[in-house]
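Observations on chain architecture
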Amino acid sequence: MLDDPTQTGTDASTLASSVRRADPADPQISVLDLAVTRGDGIFETLDAIDGFGQALEPHLARLENSARLLDLPAPCLDLYREGIRQGIAASTHPRLSVKLVLTRGIEGAGRCTGWVFVDPEPDFTEARTHGLKVVTLDRGYRHDVAQTSPWLLQGAKTLSYAVNKSVYREAERRGADDVIFISSDGFVLEGPTSTAVLQFGRHLVTPSTDQGILAGTAQAAFFDYAEANGLTTEYRTVTPDELRAADSVWLASSVRQIVPVVEIDGVARGFDAELHAAALDYLVTRRS
Ligand code: PLP
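Residues numbered from 1 in each chain as written. Predicted model: local features only at pLDDT ≥ 70, side-chain atom pairs only at ≥ 80, totals over all residues. Heavy atoms only, no water.

1. Some details on the overall build of the protein chain
We count it as follows: Runs of H or I in DSSP of at least four residues are treated as helices and runs of E of at least two as strands, each being numbered from the N terminus. Values of the radius of gyration come from C-alpha atoms, whereas the globule rule sets the reference at 2.2 Å times the count of residues to the power 0.38. The buried label goes to any residue with under 20% of its type's maximum accessible area, the exposed label to any with over 50%, and the partly exposed label to all in between, with areas taken from a 1.4 Å probe on protein chains only. The contact criterion used throughout is that any non-hydrogen atoms of two residues lie within 4.5 Å. Note that accessible areas follow from Shrake-Rupley with a 1.4 Å probe, and for residues the cover is restricted to the protein chains shown. Only four residue types enter the tally: Lys and Arg on the positive side, Asp and Glu on the negative side; His and the chain ends are excluded. Charge placement uses NZ in Lys and CZ in Arg. For Asp and Glu, CG and CD serve respectively.
A tally of regular secondary structure across the protein chain gives ten helices and twelve strands. Here the C-alpha radius of gyration of the protein chain, 19 Å, is about what a compact globule of 288 residues would show, namely 19 Å. When the 288 residues of the protein chain are sorted by exposure, 50% land in the buried category. Intrachain contacts of the protein chain at a sequence separation of at least 6 include 69% that bridge at least 24 residues. Of the roughly 13,200 Å² that the protein chain leaves accessible, carbon and sulfur atoms contribute 52%. The positive charge centre, built from 27 side chains, and the negative charge centre, built from 40, are 2 Å apart in the protein chain.

This is the structure:
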């Protein structure tokens, strides 16, 4: 637990003593915390491999941006760095998922709640190797929702993930594993916990992040790999027809990294197995 996750101006020893090691199986958070009563808070999840937190700074920058979008005080990033350092050091597992949380705290208390949760990462070999069946689902918002209605917080990584979870149950009812959201005005957005990446020959495309979606850190790393290996990359609007016509489609996210999509709305599809294997190898071993 982080004693005061939005503290400012602290030195190294204060930071170290502001991190309290806690057993996640024990109660740590009040039932009055707005995270519990309203889902009012933000989070990030990153991968730590052999002690190295992947894309740590982009994740911290996104946490900061989510705080800004929710009018939360700025998180003390040095304190989160220290919490992550201690959490990783305390684990003997080589591959960890690291979750960062900042909540609005107890209503009226004027103090945020924050913690870092470190856990051995799940085994995604099956999905990475054999791919996922995906359904497209209407997101119910236009693609320009972040500009027209910023109070809906699209583009912030909030703790209100009940919808992001319910769509997995809808996918299961439809015989699929995962989801790609389509905006109400017909543009491909993102997965409930991932970024969509499309391949057209030697060109990779992902939906641009001005459409109320998250800037994916795994997708950014995939693009780094692609550009270093002679492919071109692009951020733009994407239509469902293009999604269906793409040579390959991947869902990219931290920890799971990239998984190929092998079916969309009941129609089987292939993927570039060579590019997938090479990019996945880069993603799971990178130190950036
Ligand atoms: N989009 C949403 C809604 C997400 O929740 C996530 C990750 O959880 C992503 C995209 C992928 O982001 P990242 O690659 O940084 O994990």
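2. Description of a nonpolar patch on the surface
Stated formally: In this analysis, a patch consists of residues with relative accessible area above 30% that form no salt bridge, clustered at 9 Å for like charges and at 5 Å for the nonpolar side chains Val, Leu, Ile, Met, Phe, Trp and Tyr. For this document, the term salt bridge refers to a Lys or Arg side-chain nitrogen within 4 Å of an Asp or Glu carboxyl oxygen.
On the surface, a nonpolar cluster with roughly 290 Å² of combined accessible area is contributed by Val31, Leu32 and Ile106. Relative to the helices and strands, Ile106 is located in the loop between strand E3 (95-103) and strand E4 (113-120).

3. Considering the site of the ligand
Filter applied, for reference: For each residue, the test is whether any non-hydrogen atom lies within 4 Å of the molecule or strand; if one does, the residue is near. We define a polar contact as two N or O atoms separated by no more than 3.5 Å, with the added condition that, inside protein, one atom must be a possible hydrogen donor and the other a possible acceptor, whereas residues neighbouring each other in sequence contribute only through side-chain atom pairs. Just so you know the grouping, Ala, Val, Leu, Ile, Met, Phe, Trp, Tyr, Cys and Pro go in nonpolar, Asp, Glu, Lys and Arg go in charged, and all remaining residues, Gly too, go in polar.
Around the ligand, the surrounding shell holds 17 residues, and the nearest of these are Arg62, Lys157, Tyr161, Thr217 and Ser254. Here an oxygen atom of the ligand sits 2.6 Å away from a polar atom, N or O, in the side chain of Tyr161. A distance of 2.9 Å is found between a nitrogen atom of the ligand and a side-chain nitrogen or oxygen belonging to Glu190. Expressed as a share of its isolated accessible area of 390 Å², the protein-covered part of the ligand is 94%. Those elements that provide at least two residues to the shell around the ligand are helix H3 (56-69), helix H8 (217-228) and strand E10 (248-253). Residue composition of the shell around the ligand, by class: five nonpolar, nine polar and three charged.

4. Describing the domain arrangement of the protein chain
Note on interface size: it is often stated as the accessible area lost on association of the parts. Rule in force here: Throughout, the edges of the domains are those of an automatic or database domain assignment. When two parts are put together, the accessible area they lose, computed with a 1.4 Å probe and summed over both, is reported as buried area.
Segmentation of the protein chain into domains returns domain 1 (12-120) and domain 2 (125-285). Here domain 1 and domain 2 have C-alpha centroids that lie 25 Å from each other. Surface buried jointly by domain 1 and domain 2 totals about 1,500 Å² across both partners, of which 61% is contributed by carbon and sulfur atoms. Together, Phe43, Arg62 and Leu69 form the three largest contributors to the area buried by domain 1 at its contact with domain 2, with a combined 35%. Between the two partners, domain 1 and domain 2, sit zero salt bridges. The interface formed by domain 1 and domain 2 contains ten residue pairs in polar contact (both at pLDDT 80 or more).

5. Notes on the confidence of the model for the protein chain
How we decide: Scored from 0 to 100, pLDDT reflects the predictor's confidence in each residue.
The predicted model of the protein chain averages 97 in pLDDT, with 100% of residues at 70 or higher. Element-level mean pLDDT values for the protein chain span from 92 in helix H1 (residues 12-17) up to 99 in strand E8 (residues 203-207).

6. As for the pattern of salt bridges
Under the counting rule described, the total for this entry stands at 16 salt bridges. Between Arg62 and Glu44 there is a salt bridge, and its shortest N-O distance comes to 2.8 Å. Taken together, the residues Arg62 in helix H3 and Glu44 in strand E1 (residues 41-49) connect sequence positions 18 residues apart. Neither Arg62 nor Glu44 differs from the other in exposure class; each is buried. Of the charged contacts in the structure, one is a salt bridge between Asp241 and Arg244, with a shortest N-O distance of 2.8 Å. With Asp241 and Arg244 both in helix H9 (residues 240-245) and three residues apart, this pair spans about one turn of that helix. Exposure remark for Asp241: the relative accessible area of 55% places this residue in the exposed category. For Arg244, a relative accessible area of 46% gives the class partly exposed. Overlapping salt bridges bring together Asp47, Arg95 and Glu121 as one network.

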